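Residue-level structure breakdown
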Amino acid sequence: MPDASHIHDTPPPGAAPDWTIPQNWDAFSADEHAMWDRLCDRQSNMLPGRAADAFLRGLDVLRLSRSGIPDYRELNARLTAATGWSVVAVPGLVPDAVFFEHLANRRFPAGNFIRRPDQIDYLQEPDIFHDVFGHVPMLADPVFADYMVAYGRGGLRSLGFGALHKLARLYWYTVEFGLIEEGGALRAYGAGIVSSHAESLFALDDPSPNRIGFDLLRLMRTEYRIDDFQQSYFVVSSLAHLLKVTVETDFAPLYQELNVLPDIGVAEILPEDRIYTRGTQEHVTGRTPQT
Ligand code: HBI
Ligand code: FE
């Protein structure tokens with residue numbers, strides 16, 4: 001989850017009440033389009049064999065008539081045809097309730113700026129490359145698209161239980177940093193992984209992190225770190241299972257259970273865990289991950 005310290009509490013000037021702003025695609029400079037192409041080429045070349053099938057299939061939705069930063073007028077025509085989702089431009093991080101309202105209505109809020117060359121290896125706040133290249137291909141998958149709607153609805157409901165920070169872990173360990181088992185191998189579908197050159201390598205190849213079978217209660221007890229590689233990743237057996245569990249779980253009793261169970265540390269392994277990798281935890285935390 002991005003650092004919430006600089007989320008506006010009222011729509012900034014020029015933004016609509018739902019925080020959206022015009023993408024203003026014509027205002028992007030040649031350098032900004034070139035940065036998109038540089039990032040997109042680097043990731044597109046390294047992800048086959050690493051990214052989930054659904055992500056690689058979804059990349060086609062980004063193959064538009066022009067290179068450079070996608071123009072939402074063209075992108076949304078294709079994305080909406082696929083799953084009813086659209087991307088909306090926002091000035092940056094928006095309050096949780098606004099974010100969840102957008103997700104529940106099949107709108108993905110994307111930051112409307114792209115990183116500078118000196119930020120190519122680390123970025124504090126999600127930029128348009130993280131949001132559009134990282135998240136949009138998965139939104140073209142019907143099952144994952146429904147999961148994101150269920151998450152948005154659950155997010156709005158969690159606010160009433162004061163349980164957002166528990167539910168945020170589900171977003172973090174699936175939407176942002178999720179792994180999936182496909183054809184006997186692990187693949188990445190989390191946007192924070194596939195949009196990051198270094199973490200696309202680390203999450204799948206490095207002996208340092210734990211890789212643990214997805215279990216909703218266990219996952220929602222697990223803390224996470226926002227400024228470094230993950231020390232544990234969770235592996236789902238399929239997107240259909242992730243959607244089924246999320247839709248069929250009554251979160252009210254789950255939140256009550258979570259209130260009395262201790263949190264689990266980022267690197268901890270429990271005896272009942274399904275362990276794909278027992279990590280060495282050699283990665284020295286605090287080093288800024290390359291995106
Ligand atoms: N706003 N624009 C934007 N993008 C996010 O990913 C985002 C957000 N606001 C809140 C948020 N994420 C998370 O805190 C929630 O998913 C819990
Ligand atoms: Fe993200």
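Refer to the structure printed above.
Residues numbered from 1 in each chain as written. Chains lettered and ligands numbered in written order. Predicted model: local features only at pLDDT ≥ 70, side-chain atom pairs only at ≥ 80, totals over all residues. Heavy atoms only, no water.

**Brief notes about the packing of aromatic side chains**
Put simply, the test is: Aromatic rings from Phe, Tyr and Trp, with only the six-membered ring used for Trp, were paired whenever their centres fell within 6.5 Å, and each pair was classed as stacked if the ring planes differed by under 30 degrees, edge-to-face if by over 60, and tilted otherwise. Only DSSP runs of H or I reaching four residues or more are called helices, and only runs of E reaching two or more are called strands; each is numbered from the N terminus. Only protein chains enter the calculation, and the probe is 1.4 Å; a residue is then buried if its accessible area is under 20% of its type maximum, exposed if over 50%, and partly exposed in between.
Evaluation of the coordinates by the stated rule reveals 18 aromatic pairs. Seen from their ring centres, Phe 55 and Phe 133 are 5.7 Å apart, and the 65 degrees between their planes marks the pair as edge-to-face. A residue pair is termed long-range when its members are at least 10 positions apart, and Phe 55 in helix H2 (residues 53–58) and Phe 133 in helix H5 (residues 128–139) qualify at 78 residues. For the pair shown, Phe 55 and Phe 133 are each scored as buried. Each ring, one from Phe 251 and one from Tyr 255, has its centre 5.8 Å from the other, and the planes form 45 degrees; the classification is tilted. In this pair, Phe 251 and Tyr 255 both sit in helix H12 (residues 251–260), 4 residues apart, roughly one turn of the helix. The two residues Phe 251 and Tyr 255 agree in class, both being buried. Among the aromatic residues, those joined into a ring-pair cluster are Phe 99, Phe 100, Phe 108, Tyr 151 and Tyr 171.

**Thoughts on the pairing of strand E3 (residues 179–182)**
This is how the line gets drawn: A pair of strands is considered paired only if DSSP assigns at least 2 bridges between the two.
Direction of pairing for E3 relative to strand E4 (residues 185–188): antiparallel, over a ladder of 4 bridges. Opposite Leu 179, over in E4, you have Ala 188 as the bridge partner. Hairpin connection between E3 and E4: a loop of 2 residues separates the two successive antiparallel strands, and Gly 183 in this loop has a positive phi of roughly 55 degrees.

**Quick look at the pattern of salt bridges**
A side chain with one charge can pair with a side chain of the opposite charge if their charged atoms come near. Rules: By salt bridge we mean one thing: a side-chain nitrogen of Lys or Arg within 4 Å of a carboxyl oxygen of Asp or Glu.
Taken as a whole, this structure holds 16 salt bridges when the rule is applied. The partner of Arg 57 in a salt bridge is Asp 141, with the nearest N and O atoms 3.6 Å apart. With Arg 57 in helix H2 and Asp 141 in the loop between H5 and helix H6 (142–161), the pair connects residues that are 84 residues apart, well separated along the chain. Its relative accessible area of 54% is what places Arg 57 among the exposed residues.

**Things to note about the packing of H6 against helix H7 (residues 164–176)**
The test is simple: A fitted line through C-alpha atoms represents every axis, and for helices the fit uses only the stretch in contact; the resulting angles, taken between N-to-C directions, go from 0 to 180 degrees. Each angle receives one of four descriptions, namely roughly parallel if under 35 degrees, roughly antiparallel if over 145, roughly perpendicular if within 65 to 115, and oblique otherwise. A crossing counts as left-handed when the near helix is turned anticlockwise from the far one by less than a right angle, and as right-handed when that turn is clockwise. Contacts were defined at the residue level, with two residues in contact if any of their heavy atoms lie within 4.5 Å. Throughout this entry, Asp, Glu, Lys and Arg are counted as charged residues, while Ala, Val, Leu, Ile, Met, Phe, Trp, Tyr, Cys and Pro are counted as nonpolar. The remaining residues, Gly among them, count as polar.
Where H6 contacts H7, the two axes come as close as 9 Å, and the packing angle between them is 165 degrees. Viewed along their axes, H6 and H7 adopt a mutual orientation that is roughly antiparallel. The two elements H6 and H7 cross, and the hand of that crossing is left-handed. Contact residues: H6 offers Phe 144, Tyr 147, Met 148, Tyr 151, Gly 154, Gly 155, Ser 158 and Leu 159, while H7 offers Leu 164, Leu 167, Ala 168, Leu 170, Tyr 171, Thr 174 and Val 175. Of the residues in the contact of H6 with H7, the class split is 11 nonpolar, 4 polar and no charged.

**With respect to the sheet that holds strand E7 (residues 275–277)**
Pairing is mixed in the open sheet, where 5 strands are placed in the order E4-E3-E6-E5-E7. Of all strands in the sheet, those with a lone pairing partner are E4 and E7, marking the two edges. Across the sheet, the mean angle separating the axes of adjacent strands is 35 degrees when strand polarity is ignored. Sitting on the sheet, helix H9 (residues 197–205) touches E3, E4, strand E5 (210–213) and strand E6 (232–236), and the angle it makes with E5 is about 65 degrees.

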